[in-house]
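Chain and residue survey
Listed below, chain by chain, are the residues.
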Amino acid sequence: MNFNDLSNEQKEQLHNDLMENAVSVGGINPFLQMIEDIRTSKPKALLNKTAIFHYKTGKINWGKSIFKDTLAILYSAMAKEEKDGDIIAGLKPKEYKNTMNMMRALKPVVVEIIPKDETCKGFTFSMLDATQEKKTKVDLMFKIIFFFNIEFAKKVLSHEIKAD
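A few points on the structure. (Residues numbered from 1 in each chain as written. Predicted model: local features only at pLDDT ≥ 70, side-chain atom pairs only at ≥ 80, totals over all residues. Heavy atoms only, no water.)

1. Section: the overall build of the chain
A tally of helices and strands in the chain yields six helices and six strands. Helices and strands appear in the chain in the N-to-C order α-α-β-β-α-α-β-β-β-β-α-α. Over its C-alpha atoms the chain spans a radius of gyration of 16 Å, differing by no more than 12% from the 15 Å that the globule rule assigns to 164 residues. For the chain, the spread of C-alpha atoms along the three principal axes comes to 45 × 40 × 25 Å. (Helix = DSSP H or I, 4+ residues; strand = E, 2+ residues; numbered from the N terminus. Rg over C-alpha atoms; globule rule 2.2 N^0.38 Å.)

2. Overview of helix α2 (residues 28–40)
Between its first and last C-alpha, α2 extends 18 Å over 13 residues, near the 18 Å set by a 1.5 Å rise per residue. Among the residues of α2, Phe31, Leu32, Met34, Ile35, Asp37 and Ile38 are the ones counted as buried. (Expected span 1.5 Å × (residues − 1). Buried < 20%, exposed > 50% of the residue type's maximum accessible area, 1.4 Å probe, protein only.)

3. What about the packing of aromatic side chains?
In total, this model carries six aromatic pairs according to the counting rule given. Aromatic side chains Phe123 and Phe125 sit 5.9 Å apart centroid to centroid with 25 degrees between the ring planes, which places their arrangement in the stacked category. The interplanar angle of 65 degrees and the centroid separation of 4.9 Å between the aromatic rings of Phe148 and Phe152 together place this pair among those described as edge-to-face. By way of ring pairs, the aromatic residues Tyr75, Phe147, Phe148 and Phe152 are connected into one cluster. (Phe/Tyr/Trp six-rings, centres within 6.5 Å; stacked < 30°, edge-to-face > 60°.)

Here you go:
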């Protein structure tokens, strides 16, 4: 996803959502630090068997452990969604089955960001966005935190909303 290709309304909505989440974990710097910590973790943060990832200023919970093959299918589904706009359209039968199994496994998973600073409330989001029938997508907040380049988050957070 290219931030510059979004409409002004989409940019503003994304900026507001991301700012709200950043403030809920202590501000822009702690939010960006969390993303950096996720990126530098080896093995991938989502592969922790305890379904908890500790970063410098807090922790992330996601309810159930995710296996390497499920994560690989999720990443390829995200890449396909970015390219084609749909996770499952045009998949071969075996890929379709694997993707559907991944979606069934991850649909109920809610990611919870809990800052150490008790004055901050943190935030939650689902891995998969199933708000539209037969149009499941990978949640945008999930993509920003775990998948997109950190420069995308920086662009969104530094976006200035212009008054008309």
